[in-house]
Amino acid sequence: MSYTYVVIGAGRQGVAAAYDLAVLGEARHLLFVDASEENARQAAAATNRLTGRNIASAQQGDARDGTRMASLVRGADAILSAAHYGVNLGLTRIAAEFGVHLCDLGGNTDIVRSQHAFDAVARSRGATIVPDCGMGPGLNVSLAAYTMAQLDEPREVRIWDGGLPQHPNPPWDFQSTFAMSGLTNEYDGAAHFLRNGQVTAVPCFADLEELEFAPPVGRLEAFVTSGGLSTAPWTWQGRLDRLENKTLRYPGHCARFKAYQELGLLGLERVRAGDVDVVPRDLFHALLEPRIGSAGTLVRDVCVMRVTASGMRRQRAASVTIELVDRYDEVTGFTAMQRLTGWHAAIIAGLAVRRRLPAGVVAVERVPGELIVSEGRRRGWAITERTTP
């Protein structure tokens, strides 16, 4: 079998996902759709060059234009949305109505909840829709599902993940490999965890701790950021007593950015500054982007993930830990963030077109973790695991 995929959004993650679909997703044709026709053409050209095949083409299209999107995805096997989360609800409606599979990179749990309202329509049309794919939420939750499946009675799951420069430069010791708005969105508000079996809001930057990883990664700090678990706390409520997800950074990052938050620089309400009104977060982005942004620069990064599940196995207390460390790929030029984010979405799109997943709107935590780990190892991800009785 071979399939036609429509990739909405021609940025870094879209290109990484398209490459994976071309190599391992049995793609017959890949169509890039972006508001910028030039960006779409460049993404198609990059995919063709990397794969050595004339497999990708480009079209201009605003993902907010439902009529235009419907005309472009009609007849496709699957849509992969690598665009801003604000367009995903409209794409879900189109995918469900036309019976086209869809996965997206998510980023907003409220929108994901709204997407689930299309479950009945998607099932009736035979479409599988999986929101909130990517590195986190997405792969981190998939690894959690995998560790839980290794236990007879899982009780607690703790997740740590983060993307970092391989060679940190002071004073920031950090370089963002995704949009600045995505970074600050994670640093504002609260996360939702399971504590004592109850869904509990935990503020960003709380519960700071340090962990040790094998060289050359070394010691990292971990703290709470928002949105990393998507709908998993509600799905696993009643099954787990504890579920949490923390972001990994080099030591000192949490204190620095917590200070910016407390100062109000992540605020979205306009404030008066001299003779003008400004949105603090917009100003913060303008100042921060030149210092830690990655646009137009080569980022040799490393992504680190660790998940530990504890509970009962064969009537004995046990814990299972799975760890994944991935680095910038010198051959393709993909960052580790692209490989884990774009490829996780591509894996799920490939599972959907092969009918390995049920029809309807499927929460990412309900995708069998064993499938994701198996597919990840096919792609060369360095995944290790250990069980402690």
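Each remark here, short or long, concerns the structure printed above.
First, a word on scope: everything that follows refers to the structure included in this document. (Residues numbered from 1 in each chain as written. Predicted model: local features only at pLDDT ≥ 70, side-chain atom pairs only at ≥ 80, totals over all residues. Heavy atoms only, no water.)

1. Topic: the nonpolar core
And step 1. Counting 78 residues, the largest nonpolar core has Phe32 and Trp236 as its most contacted members.
And step 2. Looking at this core, the element that brings in the most residues is helix H12 (residues 336-353), giving eleven residues. (Core = buried A, V, L, I, M, F, W, Y, C linked by side-chain atoms within 4.5 Å. Buried < 20%, exposed > 50% of the residue type's maximum accessible area, 1.4 Å probe, protein only. Helix = DSSP H or I, 4+ residues; strand = E, 2+ residues; numbered from the N terminus.)

2. Description of the packing of aromatic side chains
Note on aromatic pairs: each is described by the distance of the centres and the angle between the planes.
And step 1. Counting across every chain of the model gives twelve aromatic pairs.
And step 2. Measuring from centroid to centroid gives 5.3 Å for Tyr19 and Phe334, while their planes differ by 70°, and the two rings are edge-to-face. Of the two residues, Tyr19 is situated in helix H1 (residues 12-24) and Phe334 in the loop between strand E16 (316-327) and H12; the sequence distance between them amounts to 315 residues.
And step 3. By relative accessible area, which is 3% here, Phe334 ends up buried.
And step 4. Joined through ring pairs, the aromatic side chains of Trp172, Tyr187, Phe205, Phe223, Phe257, Tyr260 and Phe284 make up one cluster.
And step 5. Across from the ring centre of Trp234, 4.1 Å away, lies the NZ or CZ of Arg113, which sits over that ring.
And step 6. Sitting over the face of the ring of Phe213, Arg306 holds its NZ or CZ atom 4.0 Å from the ring centroid. (Phe/Tyr/Trp six-rings, centres within 6.5 Å; stacked < 30°, edge-to-face > 60°. Lys NZ or Arg CZ within 6 Å of the ring centre and 35° of its normal.)

3. As for the side chain of Thr335
And step 1. By the secondary structure assignment, Thr335 is in the loop between E16 and H12.
And step 2. Not counting residues within four places of it along the chain, the set of residues in contact with Thr335 comprises Val299, Asp301 and Tyr328. (Contact = heavy atoms within 4.5 Å.)

4. Re H1
And step 1. With 13 residues, H1 ought to run about 18 Å at 1.5 Å a step, and its terminal C-alpha atoms sit 18 Å apart, in line with that.
And step 2. The buried fraction of H1 amounts to ten of the 13 residues, a majority that puts the element mostly inside the structure.
And step 3. Among the residues of H1, Gln13, Gly14, Val15, Ala16, Ala17, Ala18, Tyr19, Asp20, Leu21 and Ala22 are the ones counted as buried.
And step 4. Looking one or two residues beyond H1, the residue adopting positive phi is Glu26, at roughly 55°. (Expected span 1.5 Å × (residues − 1).)

5. A word on the layout of surface pockets
And step 1. The space that makes up the second largest pocket amounts to roughly 230 Å³.
And step 2. Taken together, 15 residues make up the lining of the second largest pocket; nearest its centre are Pro165, His167, Asn169, Phe174 and Gln175.
And step 3. Considered class by class, the residues forming the lining of the second largest pocket number seven nonpolar, five polar and three charged. (1 Å grid on protein atoms, 1.4 Å probe; cavity = no way out; pocket = protein on both sides within 12 Å on 5 of 7 lines; lining within 4 Å. Points joined across faces, edges and corners; volume = space filled by probe spheres on them. Nonpolar A, V, L, I, M, F, W, Y, C, P; charged D, E, K, R; others polar.)

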